[in-house]
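Summary of structural features
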Amino acid sequence: MEIIPGKITDRNILELFSEHDTFMLDVLGEDRIYYTRYNGNEKLERVWTACFEGLPVGCIAYRTKEAGTGEVKRLFVRPAYRGRGLSKELLLAVERYAREQGCRRLYLDTRITLEPAVSLYRGFGFQITFQQGQYIQMEKELRLSGSNSALSDHLGPQRPEGT
């Protein structure tokens, strides 16, 4: 497994974004009218590709929402590669980058019905800050000090060995 920074114009990224859009449109059902396919207007600043045995199988993107706040966008892993920790590694890449940019908070939006995604985000310390119907917004406060902050934020408090 490898997480590789990329360009928003990379063919592999665009293919993964398209698969993400198709997945979301299927999940949304009647609410699909509110969904916008990727069209380049999202002002994404950074993207990463998850590769498994050399194949691009997942992606994630980042953009600045406002000063001190970054936004997680387009986290997607192809169904055949889920359950291998790729989503966690992609989220860690975004968190590291956000900290490097001086962000104090990460934000994302999703649907409450996407239970695996909501569980993943909660496990990383995201909390629901707004809900309207099925739509939810989640936020996470970032600690900027310490080189292992991203890892410790989603693992929770650690006990010393032998206690």
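Analysis parameters
- Residues numbered from 1 in each chain as written.
- Predicted model: local features only at pLDDT ≥ 70, side-chain atom pairs only at ≥ 80, totals over all residues.
- Heavy atoms only, no water.
- Helix = DSSP H or I, 4+ residues; strand = E, 2+ residues; numbered from the N terminus.
- Areas by Shrake-Rupley, 256 points an atom, 1.4 Å probe, with all protein chains shown as cover.
- Expected span 1.5 Å × (residues − 1).
- Buried < 20%, exposed > 50% of the residue type's maximum accessible area, 1.4 Å probe, protein only.
- Contact = heavy atoms within 4.5 Å.
- Phe/Tyr/Trp six-rings, centres within 6.5 Å; stacked < 30°, edge-to-face > 60°.
- Lys NZ or Arg CZ within 6 Å of the ring centre and 35° of its normal.
- Arc of directions from axis to C-beta.
- Pairing = 2+ DSSP bridges.
- Axes fitted to C-alpha atoms, helices over the stretch in contact; angles between N-to-C directions.

**What about the overall build of the chain?**
Secondary structure assignment for the chain yields four helices and seven strands. Its helices and strands taken in sequence order, the chain reads β-α-β-β-β-α-β-α-β-β-α from the N to the C terminus. Surface summary for the chain: the accessible area is close to 9400 Å², and the carbon and sulfur share equals 47%.

**Focus: helix 1 (residues 11-28)**
In this model, helix 1 (18 residues) spans 26 Å end to end at C-alpha, consistent with the 26 Å of a helix rising 1.5 Å per residue. Regarding helix 1, the residues found buried are Ile-13, Leu-16, Phe-17, His-20, Asp-21, Met-24, Leu-25 and Leu-28. Where helix 1 is buried, its residues meet strand 2 (46-52), strand 3 (55-66), strand 4 (69-77) and strand 5 (105-111). Just past helix 1, the residue Gly-29 takes up positive phi, approximately 60°.

**Observations concerning the packing of aromatic side chains**
Given two aromatic rings, one states the distance between the centres and the angle between the planes to describe the pair. Enumeration over the complete set of coordinates arrives at seven aromatic pairs. Centre to centre, the rings of Tyr-62 and Tyr-97 are 5.1 Å apart; their planes meet at 80°, and the pair counts as edge-to-face. With a gap of 35 residues between them, Tyr-62 in strand 3 and Tyr-97 in helix 2 (residues 86-100) connect regions that are remote in the sequence. With a relative accessible area of 0%, Tyr-62 lands in the buried category. One aromatic cluster in this structure is built from Trp-48, Tyr-62 and Tyr-97. Positioned above the aromatic ring of Phe-17, the side-chain terminus of Arg-74 is 5.3 Å from the ring centre. The side chain of Arg-84 reaches across the aromatic face of Phe-52, ending 4.5 Å from its centre.

**Brief notes about helix 3 (residues 115-123)**
Where helix 3 is concerned, the buried positions are Ala-117, Val-118, Leu-120 and Tyr-121. The buried residues of helix 3 occupy an angular sector of 160° when the element is viewed end-on, so they sit on one face. Along helix 3, the residues that are exposed and aim more than 90 degrees away from the buried face are Glu-115 and Pro-116. Residues of helix 3 that are buried sit in contact with strand 4, helix 2, strand 5 and strand 7 (135-141). Just downstream of helix 3 lies Gly-125, where phi reads positive at about 95°.

**Notes on the sheet that holds strand 5**
One open sheet holds the seven strands; their spatial order is 1-2-3-4-5-7-6, and the pairing between them is mixed. Every interior strand has two partners, whereas the edge strands, strand 1 (2-6) and strand 6 (127-132), have only one. If you compare each strand with its neighbour and ignore which way they point, the axes differ by 25° on average. Judged from the seven bridges that link them, strand 3 and strand 4 form a sheet pairing that is antiparallel. From the neighbouring strand, Ala-61 faces strand 4, where its bridge partner is Lys-73.

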